[in-house]
Amino acid sequence: MEGLINLWQATGLANFTWPALCMMAVGCGLLYLAIAKGFEPLLLVPIGFGAILTNIPVAGLGDPGGLLYYVYYIGIDSGVFPLLIFMGVGAMTDFSALIANPKMLLLGAAAQFGIFATLFGAILLNFIPGFEFTLQDASAIAIIGGADGPTAIFLASKLAPELLGAIAVAAYSYMALVPIIQPPIMKALTTKEERQIAMPQLRHVSKTEKILFPLAVLGLTILFLPAATPLVGMFCLGNLMKECGVVDRLSKTVQNELINITTIFLGLAVGSKLAADQFLTIETLGILALGAVAFGIGTGTGVLMAKTMNRFSNTPINPLVGAAGVSAVPMAARVVNKVGLESNPHNFLLMHAMGPNVAGVLGSAVAAGILLALVG
Amino acid sequence: MDIGAQLLQAGNLMLTGMVGVFLFLSILIFAMRLLANFAAQLKEAESSTSRQKIAKTASSQGVPQAHIAAISAAVATYRKNN
């Protein structure tokens, strides 16, 4: 009889708790969004499954000694996985549109206001009982506004590891929701005439410029913001491998196998942070709300900056392209193109929006570096 | 730390952060313009070098005057005899 009782006590049925069951349901929800709705499936599948695995009672996958614990410890606590992903993103990014029109960098800069305004908002939330965000927590939450998953995970792992799960889930969820969040803001801040503005064709960019660009970015980062060199350095390495043309094998590996393998483990490690005791808190609700605000403000300031630039620039600038400054490559640029086509079916803005879009990646990495330097 | 002091810090961070991002990316714009000029000059220098090379190759591929004279003389002699 004692053996039977021991056996019963070793089953999941005897050990389930409501919070753990709730988090397993969240994991199933993420799997549903990824598989049925196609929202960021490459990340939400491993994250959702990781959330289920880490909440399994008795198995202790997320506890010291468990697989997910080690994956998190080796890959995220050390900051290695987000950096490897950033190298892959660099190898997949074509900077031609930005090199051809460098002033688009200003749109990438303006959209980062979403990050810094949200930082202020996170501290304001402390007036509500139950919220006790420190400046480090607020900075980690605010980076959601950069709309860049690896950057958000990298900064959260350094500044507020206990909030990492909620921050990663919020960042990737909102990135998947860009086509729903951005268009109403873009339309509210622009007139139909502004949305119809056609932009001149971009000039041809030579191979020399493409090779020198990542080296120039790295050089400036070394000189002015060394705290951002882990992110920017890996990004530039990936981009240089793509553009130099002499290490195609490495470039292809970084763009495919390496980024895919890292994505699997990154997702699982993030999922392991979706344990009930860490996720089912009022702070998670605050993070989800602040993430949406950050996205909205970033989109808005990008559009407003593009409107201002259009007034003073010699060449016309469609204000919609400012919305792409929030990063979320290439989704935000596609949304700009789609909204632009709704106003003028002959106006293709995709290439023009790619400039501020990749500028947003650099801008969010720079913002993360500044936050690390000042708060970390 | 009270919330008022935290808000002041957050405000400072917001200001410093935005100025920092704009400053960094503005320097990058300047650097990219320099890069474009450098690349254009490099391209021009390369194309002028390749033009010179082509001219040199063309002249080096040309038949020397002495050979032309010898061949002309040989052709003239052949025509006279036949």
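Residues numbered from 1 in each chain as written. Chains lettered and ligands numbered in written order. Predicted model: local features only at pLDDT ≥ 70, side-chain atom pairs only at ≥ 80, totals over all residues. Heavy atoms only, no water.

Secondary structure assignment for chain A yields 21 helices and zero strands. Its C-alpha radius of gyration of 22 Å places chain A within 12% of the 21 Å reference for a compact globule of 376 residues. Seen through its principal axes, chain A has C-alpha atoms that stretch 85 × 50 × 40 Å. With 376 residues in all, chain A has 56% of them scored as buried. A separation threshold of at least 6 residues defines the contact pool for chain A, and within that pool the share at least 24 residues apart is 77%. Computed over 17 positive and 18 negative side-chain charges, the separation of the two mean positions in chain A equals 16 Å. (Helix = DSSP H or I, 4+ residues; strand = E, 2+ residues; numbered from the N terminus. Rg over C-alpha atoms; globule rule 2.2 N^0.38 Å. Buried < 20%, exposed > 50% of the residue type's maximum accessible area, 1.4 Å probe, protein only. Contact = heavy atoms within 4.5 Å. Lys, Arg positive; Asp, Glu negative; His and termini not counted. Charge placed at Lys NZ, Arg CZ, Asp CG, Glu CD.)

A tally of helices and strands in chain B yields two helices and zero strands. Looking at the 82 residues of chain B, the share that counts as buried comes to 18%.

So, on to the interface of chain B and chain A. Contacts between the two partners involve 28 residues from chain B, matched on the other side by 43 residues from chain A. For the pairing of chain B and chain A, the buried interface totals around 3100 Å² over both sides, and the portion due to carbon and sulfur atoms is 89%. Its largest share of buried area at the contact with chain A, chain B owes to Leu13(B), Phe24(B) and Met32(B), together 21% of the area lost on that side. In this assembly, chain B and chain A are joined by zero salt bridges. Our enumeration of links across chain B and chain A arrives at two residue pairs in polar contact (both at pLDDT 80 or more). (Buried area = accessible area lost by both parts, 1.4 Å probe. Salt bridge = Lys/Arg side-chain N within 4 Å of Asp/Glu carboxyl O. Polar contact = N/O pair within 3.5 Å; in protein donor to acceptor, adjacent residues only side chain to side chain.)

Moving on, we get to the packing of aromatic side chains. All names here are of chain A. Going through the model one piece at a time under the given rule, you end up with seven aromatic pairs over all chains. Measuring from centroid to centroid gives 4.6 Å for phenylalanine 95 and phenylalanine 213, while their planes differ by 45 degrees, and the two rings are tilted. Taken as a pair, phenylalanine 95 in the loop between helix 6 (80-92) and helix 7 (96-100) and phenylalanine 213 in helix 15 (residues 207-224) lie far apart in primary sequence, 118 residues in all. Of the residues examined, phenylalanine 95 reaches a relative accessible area of 3% and is grouped as buried. Judged by relative accessible area, which is 1%, phenylalanine 213 ranks as buried. (Phe/Tyr/Trp six-rings, centres within 6.5 Å; stacked < 30°, edge-to-face > 60°.)

A few words now on the packing of helix 4 (residues 41-54) of chain A against helix 17 (residues 248-272) of chain A. All names here are of chain A. Between helix 4 and helix 17, the least distance of the axes is 7 Å, while the angle of their chain directions is 40 degrees. As judged from the angle between their axes, helix 4 and helix 17 are oblique. In this structure, helix 4 meets helix 17 at a crossing whose hand is right-handed. Residues Leu42, Leu43, Pro46, Ile47, Gly50, Ala51, Leu53 and Thr54 of helix 4 form the contact with helix 17, whose own contacting residues are Thr263, Ile264, Leu266, Gly267, Leu268, Val270, Gly271 and Ser272. The residue makeup of the contact of helix 4 with helix 17, split by class, is ten nonpolar, six polar and no charged. (Axes fitted to C-alpha atoms, helices over the stretch in contact; angles between N-to-C directions. Parallel < 35°, antiparallel > 145°, perpendicular 65-115°, else oblique. Left-handed = near helix turned anticlockwise from the far one by under 90°. Nonpolar A, V, L, I, M, F, W, Y, C, P; charged D, E, K, R; others polar.)

Residues and elements named next belong to chain A. One can describe the packing of helix 12 (residues 164-176) onto helix 13 (residues 178-188) by two numbers: an axis separation of 5 Å at closest approach and a directional angle of 65 degrees. Where helix 12 approaches helix 13, its residues Tyr174, Met175 and Ala176 are matched on the opposing element by Val178, Pro179 and Ile181. When grouped by side-chain class, the residues that make up the contact of helix 12 with helix 13 number six nonpolar, no polar and no charged.

Counting through the fold element by element, Ser343(A) comes out in helix 20 (residues 331-343). Once residues within four sequence positions are removed from consideration, Ser343(A) is found in contact with Lys192(A), Arg195(A) and Gln196(A).

Glancing now at a nonpolar patch on the surface. Taken together, Trp8(A), Leu13(A), Phe16(A), Trp18(A) and Leu21(A) make up a surface patch of nonpolar side chains, about 620 Å² in accessible area. Relative to the helices and strands, Trp8(A) resides in helix 1 (residues 2-9). (Patch = residues over 30% accessible without salt bridge, like charges linked within 9 Å, V, L, I, M, F, W, Y side chains within 5 Å. Areas by Shrake-Rupley, 256 points an atom, 1.4 Å probe, with all protein chains shown as cover.)

As a further point, take the UniProt feature "transmembrane region" (unreviewed entry) in chain B. The residues that UniProt annotates with the feature "transmembrane region" (unreviewed entry) are residues 12-35 of chain B. As annotated, residues 12-35 of chain B comprises 100% helix and 0% strand, and the C-alpha atoms at either end are separated by 34 Å. (UniProt positions renumbered as here; feature names shortened; annotations may be inferred.)

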